[in-house]
Amino acid sequence: RRIEGGLSQAIAQGELSLAYQPIVAGDAMEVVGFEALLRWRTEEFGPISPALFIPIAEESNLIHELGDWVLDEALTVLVDWPGQYVSINFSPRQFRRQNFVGYVMERVQRAGISPNRVQIEITETAIFDNAERAAETLYKLRQMGFRIALDDFGTGYSSLYNIRKFALDCLKIDKSFIDGMGRERESAAIVQSIVHLGKALGLGVVAEGVETEAQVQALRVAGASHLQGYYFSRPVPAEEAKALANERF
Ligand code: G
Ligand code: G
Ligand code: MN
Ligand code: NA
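Not measured: the values here are computed from a predicted model.

Trainee: Sorry if this is basic, but what is going on with the overall build of the protein chain here?
Mentor: Along the protein chain, the regular secondary structure elements total 12 helices and 9 strands. Against the compact-globule benchmark of 18 Å for 249 residues, the protein chain has a radius of gyration of 18 Å, which places it among compact chains. Along the first, second and third principal axes, the C-alpha atoms of the protein chain reach 45 × 40 × 35 Å. Relative to its 249 residues, the protein chain shows a buried fraction of 35%. Sequence separation of 24 or more characterises 65% of the internal contacts of the protein chain that already satisfy a separation of 6 or more.

Trainee: Please explain unusual backbone geometry as it appears in this structure.
Mentor: For residues besides glycine, phi is generally negative; the peptide bonds are generally trans as well. Even without being a glycine, Met29 presents a positive backbone phi close to 55°. Position of Met29 among the secondary structure elements: in the loop between β1 (16–25) and β2 (31–42). The backbone of Asn246 shows a phi angle near 65°, a positive value even though the residue is not glycine. Its place among the elements puts Asn246 in the segment after α12 (238–242).

Trainee: What am I meant to see in the site of ligand 1 here?
Mentor: Neighbouring residues of ligand 1: Leu37, Leu38, Ser49, Pro50, Ala51, Ile54, Val70, Asn89, Phe90, Ser91 and Pro235. Sorting the residues of the shell around ligand 1 by element identifies β2 and α2 (50–58) as the ones contributing at least two each. Looking at the shell around ligand 1 element by element, the count peaks at 3 residues for α2. Its residues assigned to classes, the shell around ligand 1 shows 8 nonpolar, 3 polar and no charged.

Trainee: What should I look at first to understand helix α3 (residues 62–78) in this one?
Mentor: In an α-helix there are 3.6 residues to a turn, and that puts residues three or four apart on one side. In this model α3 runs 24 Å from its N-terminal to its C-terminal C-alpha over 17 residues, within 8% of the 24 Å that 1.5 Å per residue would give. Those residues of α3 not exposed but buried are Ile63, Leu66, Gly67, Val70, Leu71, Ala74, Leu75, Val77 and Leu78. Relative to the axis of α3, the buried residues are bounded by an arc of 160° and lie together on one face.

Trainee: What should I look at first to understand the site of ligand 2 in this one?
Mentor: Around ligand 2 lies a shell of 13 residues, among which Gly209, Glu211, Gly229, Tyr230 and Pro235 are the nearest. Residue classes in the shell around ligand 2 are distributed as 4 nonpolar, 4 polar and 5 charged.

Trainee: Got a minute to help me understand the nonpolar core in this structure?
Mentor: Nonpolar side chains tend toward joint burial in soluble globular proteins. With 60 residues, the main nonpolar core has Ala74, Ile88, Ile173 and Val205 as its most contacted residues. Among the elements that make up this core, the one with the highest residue count is α3 (8 residues). For Ile173, the residues in contact, after removing those within four places along its chain, are Phe153, Gly154, Ile178, Val191, Ile194, Val205, Val206, Ala207 and Glu208.

Trainee: Looking at this structure, how should I read the pairing of strand β8 (residues 204–207)?
Mentor: Look at any regular strand and the pattern is simple: side chains alternate between the two faces of the sheet. Where strand β7 (residues 170–173) meets β8, 4 bridges bridge the pair, whose relative direction is parallel. Opposite Cys170, over in β8, you have Gly204 as the bridge partner. Pairing of β8 with strand β9 (residues 226–227), which is carried by 2 bridges, proceeds in the parallel orientation. Residue Val206 lies in a different strand from β9, and its bridge partner there is His226. Read from β8 through helix α11 (residues 213–222) to β9, the crossover connection turns out right-handed.

Trainee: For this particular structure, what's the right way to read the packing of helix α1 (residues 2–10) against α2?
Mentor: If you want to describe how two helices pack, look at the angle between their axes and the distance between the axes. Taken N-terminus to C-terminus, the directions of α1 and α2 make an angle of 85°; their axes are 10 Å apart at the nearest point. Regarding the angle of α1 to α2, the classification is roughly perpendicular. Here α1 contributes Ile3, Glu4 and Leu7 to the contact with α2, which in turn contributes Phe53, Ile56 and Ala57. Across the contact of α1 with α2, the residue classes tally to 5 nonpolar, no polar and 1 charged.

Trainee: I tried to follow the packing of α3 against helix α5 (residues 100–111) on my own but got confused; where do I start?
Mentor: Look at α3 against α5: their axes get within 10 Å of each other, and the N-to-C directions meet at 30°. Relative to α5, the element α3 lies roughly parallel. Here α3 runs over α5; the crossing is right-handed. Between α3 and α5, the residues in contact are Leu71, Asp72, Leu75 and Thr76 and Arg107, Val108 and Ala111, respectively. Residues that form the contact of α3 with α5 fall into these classes: 4 nonpolar, 1 polar and 2 charged.

Calculation notes
- Residues numbered from 1 in each chain as written.
- Chains lettered and ligands numbered in written order.
- Predicted model: local features only at pLDDT ≥ 70, side-chain atom pairs only at ≥ 80, totals over all residues.
- Helix = DSSP H or I, 4+ residues; strand = E, 2+ residues; numbered from the N terminus.
- Rg over C-alpha atoms; globule rule 2.2 N^0.38 Å.
- Buried ≥ 20, exposed ≤ 12 C-beta atoms within 10 Å, placed from the backbone.
- Contact = placed C-beta atoms within 7 Å.
- Near = placed C-beta within 6 Å.
- Nonpolar A, V, L, I, M, F, W, Y, C, P; charged D, E, K, R; others polar.
- Expected span 1.5 Å × (residues − 1).
- Arc of directions from axis to C-beta.
- Core = buried A, V, L, I, M, F, W, Y, C linked by C-beta atoms within 7 Å.
- Pairing = 2+ DSSP bridges.
- Right-handed = clockwise from strand over helix to strand, strands pointing away.
- Axes fitted to C-alpha atoms, helices over the stretch in contact; angles between N-to-C directions.
- Parallel < 35°, antiparallel > 145°, perpendicular 65-115°, else oblique.
- Left-handed = near helix turned anticlockwise from the far one by under 90°.

So yeah, pure geometry; function would need other evidence.
Next up, the structure:
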């Protein structure tokens, strides 16, 4: 309850910020976009993890206020990053709101950003409970030019049904599989299979949580289309992120 109370004032008090983590193309090894990750810092408690407060916001309408702020902030920053795209996380409740498509389109138009520079990240939880409606929403978003990424792929309600049924652009392989790559045959085999599957279905595959040179090499050999993780950069403030746009690794 303390968190909920604090969160409802966080925007007005200027306690929110976005950190941006570069996404690197696997072939050219060049930064092509950024994932926006919400940060909340209070005087009293210091930084509070979104893993903690997003689920709380998700229980109330606060998630919409936070989400509005995130979307507008990320779009404003993107105006200054020519050629790059931004990948934004949407929680299940945001994704299921009335007229989600119209809402996102309106914000993007207002910011003067082309929808193909905006990637919408959702998890399978967001599409699980009402597949028909989710399929329609994703179809419309994609028709308008937005990119769609299925986040944390391989965990939760992952099902092959989902990737057949839904209009997607890429799968983000959960970092637990990347962590395991050097250690266990299973993880490496799963990563390879997801990349193959992605290729066969015309989907990009983003490897998350890339931390080591060995993982970079293995993922490039496997054919991952994009790489993201501390190896390249932690999520950093906008000014720092801007210097990484188009950087080659
Ligand atoms: O970067 P970090 O490890 O702190 O993120 C923790 C979790 O919070 C991740 O699952 C991430 O997807 C989620 N998250 C980060 N920023 C946002 C946001 O702006 N909106 C939503 N819905 N989730 C976010
Ligand atoms: O759920 P989602 O994939 O949106 O969340 C991504 C989370 O992973 C963020 O909290 C981000 O800070 C974190 N992250 C990004 N790169 C790395 C990495 O290389 N290692 C670890 N441990 N975490 C990472
Ligand atoms: Mn994400
Ligand atoms: Na993820």
